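Overview (structure and organization)
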Amino acid sequence: MPLVMPDLRPIAPEIVMTCLALFILVADVFIRRKETLALLSVLGVAVTAFAFALPGVLNTTFGGMFISDGYSMFFKIIFALNVILTVLISVKYLDVEKVNFGEYYALILFATLGMMIMASAGDLIVLYLGLELMALSTYVLAGFIRYDMKSNEAALKYFLLGSFASAFLLYGISLAYGLTGTTDLGRIAMTIEQQGLAGKPALTMSMILIAVAFSFKIAAVPFHMWAPDAYEGAPTSITAFMSVGPKAAGFAVIGRVFLMAFPMVRAEWVTIFIPIAILTMAVGNIVALSQTNIKRMLAYSSIAHAGYALLGIITGTPDGLASMMNYMLIYAFMNMGAFAVIIMLRSEGFKGDTISDYEGLSKTHPLAAALMLVFMFSLTGIPPTAGFMGKFYIFMAAINAGYTWLVIIAVIFSAISAYFYLRIVMYMYMKDPKETVTLTTSPSMGLALAITTVAVLAIGMFPAKVVYLARVAFP
Amino acid sequence: MLPKLFFGWFAFAIIALSVLVITRRNPVHSVMWMLLLFFQIASMYLFLNAEFIAAIQVIVYAGAILVLFLFVVLLLNLREELLANRFINAWPVGLVFAGAIFAGTLSAVVAFVPNFSGQYTVDVINRETHTKALGQLLYTDFLFPFEIASLILLIAIIGAIVLAKKRMRS
């Protein structure tokens, strides 16, 4: 069995990313100023993004195990944006938290590499390994503030429940393998069709287990238990990272696995996902109402947003998938922006993560308050922000696919969500400041805020470009 | 008949030992039962013509991981540990869920057809030996996953260092 040299061009971005992460790891030993590492990481990710456009990138390699297509490329752009924005908002924050170590950047890059592999996986084994690469790095990052009990708790809870989810995934994969004799997504679909496996209980069981595992990753109810604690305890920059990257990666694999491997049994997995989506929107939005910690509130908000995005998967149409991808991109910008403001409030000796800390922010720091206002409007889905466009396209795709009743439920919960998002706005603009809040600013933070604000407003006013990108990306 | 008997014994032993592992009050006892459990699983692999995985199971799990487990357990305060309850109060809920998953799996198992076989039949494995077949596959068809696995191990090392090292700027 001689080894045929596989085509390496499709995995060029992954190779560049691996080299970058290894380089940062080694450079950490020689570079004293960790800010330089942050700069190198951002530049390196930019080079990786450049590799997205190399000739021959869009192809399948390693015998179908790695699929580099428009779909995965769109998600890789989200991951690249996610890692760049995370690094930008982390630089000063790590200093404040006194955990300014170089491994932080290497781990973030490795986690992103895992997400990129997940988005491109054409084989369940590759998918699982990519997921573990992402998850292990994120577990460590969640516990990065070692002296803080809450950070430890976050890491441990995330790790235990994440491993639990991995076990479910493996069980589901082994059942699918036992039935079809292959782990290749395309061949699984073929075998299901040829041998008439649709409707067999083993296949349903396998799909349920895989759906459960992915629901853990996107923090969908009832598999969301880890999210609030993990999001609250983790370093805020990592909370931002976790709420965008792994979630988008989770959606990428849900779309890939269920539409590529199980298209024959769509009716079955839709009945699995519809109750999950409804529960996710309900629990996420309703429990968020009673939160006093803003990181916890955004954790529930992130759960709720997973519910909306699931509607795009449920439709199963190219339109629905494109609107889901679109939503993930918009969510990346608005969530990152909101977390950037939260990080600014954190200063030496002041946590700044309870909602009451925002009282009267417009009087003391009008610009920060205005930015937070934009992000909160966007998360609620109020025009002319991007959040509105994201929801609009998802709901429209769902209505076109005949799920009008589901959209009505989603709109009702979306209206409920206005209460807790706009409460922050109300606190900022209609209350008087109790204590003076000092902002921790830095040039990189300013850049991150500028990027996110401009993106949120620009996509909100001119959404056609992004929507077009997502639509051509999905074949 | 004889293979079924062997399989039945291993399956029974694995389940019984697993129950022992999670119900023992003393963590050291739990770990010791787990050692036996790992050997039973290794025997099961051996029985399935997978001698390489059986050897790895003994060397890595029984040999390395279990020793680490013992280290960790011995670092605990055993006296306090002995007084603590083994299960949280919500264990009946867990039992119900486990039962449901068991029933679901049981109903799923009937769909499997025993005459299905891939490229690597028992004859091929007997001729080529399991280790060789596995090695060849890992370095050809499964080269890509194999490389990702190496990165995962690297992450594990970095993670262990990050979470355990003393360096902490004051």
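Residues numbered from 1 in each chain as written. Chains lettered and ligands numbered in written order. Predicted model: local features only at pLDDT ≥ 70, side-chain atom pairs only at ≥ 80, totals over all residues. Heavy atoms only, no water.

A tally of regular secondary structure across chain B gives eight helices and zero strands. Radius of gyration (C-alpha) of chain B: 21 Å, far over the 15 Å computed for a compact globule of 170 residues. Counting only C-alpha atoms and orienting by the principal axes, one finds that chain B spans roughly 60 × 45 × 25 Å. For chain B, with 170 residues in total, the buried portion stands at 25%. Expressed as a percentage of contacts within chain B between residues at least 6 apart in sequence, the contacts between residues at least 24 apart total 65%. Surface accessibility of chain B: about 11600 Å² in total, with carbon and sulfur atoms responsible for 74%. (Helix = DSSP H or I, 4+ residues; strand = E, 2+ residues; numbered from the N terminus. Rg over C-alpha atoms; globule rule 2.2 N^0.38 Å. Buried < 20%, exposed > 50% of the residue type's maximum accessible area, 1.4 Å probe, protein only. Contact = heavy atoms within 4.5 Å. Areas by Shrake-Rupley, 256 points an atom, 1.4 Å probe, with all protein chains shown as cover.)

Let us now look at the pattern of salt bridges. All names here are of chain A. Applying the stated criterion across every chain yields a total of 16 salt bridges over all chains. The partner of arginine 346 in a salt bridge is glutamate 97, and the shortest N-O contact between them spans 2.9 Å. Here arginine 346 is found in the loop between α13 (318–345) and α14 (361–364), whereas its partner glutamate 97 is found in the loop between α3 (70–96) and α4 (103–120), with 249 residues between them in sequence. For the residue pair arginine 346 and glutamate 97, the accessibility class agrees, reading buried in each case. The residue aspartate 319 makes a salt bridge to arginine 471 at a minimum N-O spacing of 3.3 Å. (Salt bridge = Lys/Arg side-chain N within 4 Å of Asp/Glu carboxyl O.)

In this section: the confidence of the model for chain B. Taken as a whole, chain B shows an average pLDDT of 85; of its residues, 95% reach a score of 70 or greater. Element-level mean pLDDT values for chain B span from 75 in helix α4 (residues 78–83) of chain B up to 92 in helix α8 (residues 143–164) of chain B. (pLDDT = per-residue confidence, 0-100.)

What follows deals with the nonpolar core. Phe75(A), Phe214(A), Phe258(A) and Phe262(A) are the most contacted members of the largest nonpolar core, which has 204 residues in total. Here this core takes 21 residues from α13(A), the largest share from any one element. Excluding residues that lie within four positions of it along the chain, Phe214(A) makes contacts with Leu127(A), Leu131(A), Leu169(A), Val253(A), Ile254(A), Val257(A) and Phe258(A). Listed in part, the 13 residues of the second largest apolar core include Ile14(B), Val31(B), Ala62(B) and Leu66(B). (Core = buried A, V, L, I, M, F, W, Y, C linked by side-chain atoms within 4.5 Å.)

Below, the discussion takes up the side chain of Ser215(A). Residue and element names in this part refer to chain A. Within the secondary structure, serine 215 sits in helix α8 (residues 201–217). At a separation of 2.7 Å, a polar atom in the side chain of serine 215 contacts the main-chain carbonyl oxygen of alanine 211. Apart from residues lying up to four places away in sequence, serine 215 is in contact with Ala220, Phe223, Phe273 and Ile276. (Polar contact = N/O pair within 3.5 Å; in protein donor to acceptor, adjacent residues only side chain to side chain.)

To continue, consider the confidence of the model for chain A. Averaged over all residues, the pLDDT of chain A is 91; the fraction at 70 or higher stands at 99%. When mean pLDDT is taken per element in chain A, helix α5 (residues 124–142) of chain A scores highest with 95 and helix α19 (residues 464–473) of chain A scores lowest with 80.

Turning our eyes to something else, we now look at the interface of chain B and chain A. Contacts between the two partners involve 34 residues from chain B, matched on the other side by 44 residues from chain A. Across the chain B to chain A interface the summed buried area is about 3600 Å²; carbon plus sulfur atoms make up 80%. On the surface where chain B and chain A come into contact, there are zero salt bridges. Of all elements in the fold, only α5 (91–109), α7 (130–139) and α8 of chain B reach the threshold of two or more residues within the side of chain B that touches chain A. When residues in the side of chain B that touches chain A are grouped by element, the largest group, 14 residues, is from α8(B). Of the residues contributing to the side of chain B that touches chain A, the split by class is 22 nonpolar, seven polar and five charged. (Buried area = accessible area lost by both parts, 1.4 Å probe. Nonpolar A, V, L, I, M, F, W, Y, C, P; charged D, E, K, R; others polar.)

This part is about the environment of Lys247(A). Residues and elements named next belong to chain A. Tracing the chain through its elements places lysine 247 in helix α10 (residues 236–260). Counting along the chain gives 183 residues from lysine 247 to glycine 64, while the straight-line C-alpha distance between them is 24 Å. Beyond its immediate chain neighbours, meaning those up to four positions away, lysine 247 contacts Lys217, Ile218, Ala219, Tyr231, Met242, Ser302, Ile303, Ala306, Met328 and Tyr331.

The subject of this paragraph is the side chain of Ser417(A). All names here are of chain A. Topologically, serine 417 is positioned in helix α17 (residues 404–430). The class for serine 417 is buried, based on a relative accessible area of 1%. Of note is the side chain of serine 417, whose polar atom sits 2.6 Å from the backbone oxygen of serine 414.

Residues and elements named next belong to chain A. Taken as a whole, this structure holds 29 aromatic pairs over all chains when the rule is applied. Here phenylalanine 258 and phenylalanine 262 contribute two aromatic rings whose centre-to-centre distance is 5.8 Å and whose plane-to-plane angle is 50°, an arrangement assigned as tilted. Taking the relative accessible area as the measure of exposure, phenylalanine 262 reaches 1% and is therefore buried. Ring-pair connections join several aromatic residues into one group, and the members of that group are Tyr139, Tyr158, Phe159, Trp226 and Tyr231. For the cation-ring pair, lysine 431 lies above tyrosine 427, with the distance from its terminal atom to the ring centre recorded as 4.4 Å. (Phe/Tyr/Trp six-rings, centres within 6.5 Å; stacked < 30°, edge-to-face > 60°. Lys NZ or Arg CZ within 6 Å of the ring centre and 35° of its normal.)

All names here are of chain A. For helix α12 (residues 294–315), with 22 residues, the first-to-last C-alpha span of 32 Å sits near the 32 Å given by 1.5 Å per residue. With 22 of 22 residues buried, α12 lies mostly within the body of the structure. N-cap assignment for α12: the residue whose side-chain oxygen lies 2.8 Å from the backbone N of lysine 295 is asparagine 293. The positive-phi residue at the C-terminal boundary of α12 is glycine 316, with phi of around 70°. (Expected span 1.5 Å × (residues − 1).)

What follows covers the packing of α12(A) against α13(A). Residue and element names in this part refer to chain A. At a minimum axis distance of 8 Å, the contact between α12 and α13 shows a crossing angle of 170°. Judged by the inter-axis angle, α12 sits roughly antiparallel to α13. The residues of α13 that touch α12, namely those facing Ile294, Lys295, Leu298, Ser302, His305, Tyr308, Ala309, Gly312, Ile313 and Thr315, are Gly320, Leu321, Met324, Tyr327, Met328, Tyr331, Met334, Asn335, Ala338, Phe339 and Ile342. Classifying every residue of the contact of α12 with α13 gives 14 nonpolar, six polar and one charged. (Axes fitted to C-alpha atoms, helices over the stretch in contact; angles between N-to-C directions. Parallel < 35°, antiparallel > 145°, perpendicular 65-115°, else oblique.)

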